[in-house]
Amino acid sequence: DGTPGKIENAARLRTRSVFDVAIDKPGTWKIGTEMANLSGTFKVNGELWGLGMRRPGGPGGTGGPGGQAGMGAPPRGMMPGGPAGPGGPGGPGGGEGGPRPQIAPDHMVASLADIPADATEVNLTETLNRNFVFVTAGTPTTQAFAPSGKGLEMVPITHPDELVSDEPGKFRFLIDGQPAAKLKVTVIPGAKRYRDIEGAQELTTAADGTVTVKWPVPGFYWLNASLTDDHPANPRAAHRRTSYTTTLEVVAP
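### Regarding the pattern of salt bridges
Counting across every chain of the model gives seven salt bridges. The closest approach of N and O atoms between Arg-240 and Asp-229, which form a salt bridge, is 2.7 Å. Taken together, the residues span a long stretch of sequence, with Arg-240 in strand β14 (residues 239–250) and Asp-229 in strand β13 (residues 219–229) at a distance of 11 residues. The exposure class assigned to Arg-240 is buried, which follows from its relative accessible area of 5%. We classify Asp-229 as buried; its relative accessible area is 14%. Taken together, the shared-partner salt bridges connect Asp-176, Asp-229 and Arg-240 into one network.

If you want it as structure tokens, here you go:
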């Protein structure tokens, strides 16, 4: 109905976090994570400092706790464990790979306010990542899909809980509330361990932000779209990375 639900029995384990959600109202629920932060580098008296970046020595392919962006992309085809498992550690779309500048542990700051006024060569990136799944009790509803107008979002034309393998699904992607044209969308079927090929579909949205997906077989599908541009909401950032990820269930006719 547009109001927040309540997470119960939350537990952070070493490699994943789990929680319960009581589906106590009819309709479609959106369950998942939304992460926004700033990260980057700057210099003070010629020395390199970092904002919100993982310190050297940590694992390179996982998303950090508390919303840190992943420091390296996972193997393609990594799948969440079904509709109850959005956003496993280092989930696809969690961050871009490549070398990171080596910064001394005592040259890290936690927030934008900690950057000194006399800092130079400030190079910050704004990150906004969303990872959702959808659960319907009774009749499907659409309130959960109202866009916020910030970053990359998906507004389904075909309801996510009404996907059937013999009918294409259609989705619209928006960037800051406007159609995201020519956006690359990746769709990968689950159960990769049981086949020899990844089976990925690489699709592109039309001018109105829509994309049509055909489902070869029933089952779970991981869908991801990401975008890098120079239109961050924060005026101190120069770049933005935003992504949208969902796991969809497609049933047999």
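Let's pick the thread back up.
### A word on the sheet that holds strand β6 (residues 120–137)
One open sheet holds the eight strands; their spatial order is β5-β4-β3-β6-β14-β13-β10-β11, and the pairing between them is mixed. The open sheet has two edge strands with one neighbour each: β5 (108–109) and β11 (201–204). Examined bridge by bridge, β13 and β14 share 11 bridges and lie antiparallel to one another. Following the sheet pairing, Thr-228 is matched in β14 by Arg-241.

### A few points about the nonpolar core
Counting residues in each nonpolar core, the largest one holds 23 residues, and the members touching the most others are Leu-152, Phe-171, Phe-173, Val-185, Val-187 and Trp-215. Elements represented by at least two residues in this core include exactly β6, β7 (152–156), β8 (169–175), β10 (184–189), β12 (210–213), β13 and β14. Residues in contact with Leu-152, not counting those within four places in the same chain, are Arg-130, Phe-173, Leu-174, Ile-175, Ala-180, Leu-183, Ala-225, Ser-226, Thr-242, Ser-243 and Tyr-244. Of all hydrophobic cores here, the second largest spans 10 residues; its members include Val-44, Trp-49, Val-109 and Leu-124.

### Concerning the environment of His-107
Positionally, His-107 belongs in the loop between β4 (47–51) and β5. Separated by 60 residues in the primary sequence, His-107 and Glu-47 place their C-alpha atoms 8.6 Å from one another. Excluding anything up to four places from it in sequence, His-107 contacts Glu-47, Leu-48, Trp-49 and Gly-50.

### Concerning the side chain of Ser-243
Assignment of secondary structure puts Ser-243 in strand β14. According to the relative accessible area criterion, Ser-243 is buried, its value standing at 3%.

### Some points on the packing of aromatic side chains
Both the distance between ring centres and the angle between the ring planes are used here to describe each pair of aromatic rings. Counted according to the given criterion, the structure contains six aromatic pairs. Seen from their ring centres, Phe-171 and Trp-215 are 6.4 Å apart, and the 80° between their planes marks the pair as edge-to-face. Residue Phe-171 is located in strand β8, and its partner Trp-215 is located in the loop between β12 and β13; the two are separated by 44 residues in the primary sequence. In terms of burial, Phe-171 and Trp-215 fall into one category: buried. What links up through ring pairs into an aromatic cluster is the set Phe-132, Phe-173 and Tyr-244.

### Some thoughts on the pairing of strand β1 (residues 7–12)
For a regular strand, side-chain orientation follows a simple rule: the groups alternate between the two sheet faces. For β1, the tally of buried residues reaches only zero of six residues, placing the bulk of the element at the surface. In this structure, β1 lies alongside strand β2 (residues 17–21), joined through four bridges in antiparallel fashion. Its bridge partner lying in β2, Ala-11 is registered against Val-18. With antiparallel pairing between neighbouring strands as the criterion, β1 and β2 make up a hairpin whose turn holds four residues.

### Observations concerning the pairing of β10
Counting buried positions along β10 yields five of six residues, so the element is predominantly enclosed. Pairing analysis gives four bridges linking β10 to β11, with the strands arranged antiparallel. Paired with Thr-186 across the two strands is Glu-202, which belongs to β11. Here β10 pairs with β13 via five bridges, running antiparallel.

### Some points on the confidence of the model for the chain
When pLDDT is averaged along the chain, the result is 83; 81% of the residues meet or exceed 70. Every residue in residues 55–97 scores below 50 in pLDDT, and together they form 85 contacts with partners more than four places removed in sequence or on other chains.

Cut-offs and rules
Residues numbered from 1 in each chain as written. Predicted model: local features only at pLDDT ≥ 70, side-chain atom pairs only at ≥ 80, totals over all residues. Heavy atoms only, no water. Salt bridge = Lys/Arg side-chain N within 4 Å of Asp/Glu carboxyl O. Helix = DSSP H or I, 4+ residues; strand = E, 2+ residues; numbered from the N terminus. Buried < 20%, exposed > 50% of the residue type's maximum accessible area, 1.4 Å probe, protein only. Pairing = 2+ DSSP bridges. Core = buried A, V, L, I, M, F, W, Y, C linked by side-chain atoms within 4.5 Å. Contact = heavy atoms within 4.5 Å. Phe/Tyr/Trp six-rings, centres within 6.5 Å; stacked < 30°, edge-to-face > 60°. pLDDT = per-residue confidence, 0-100.

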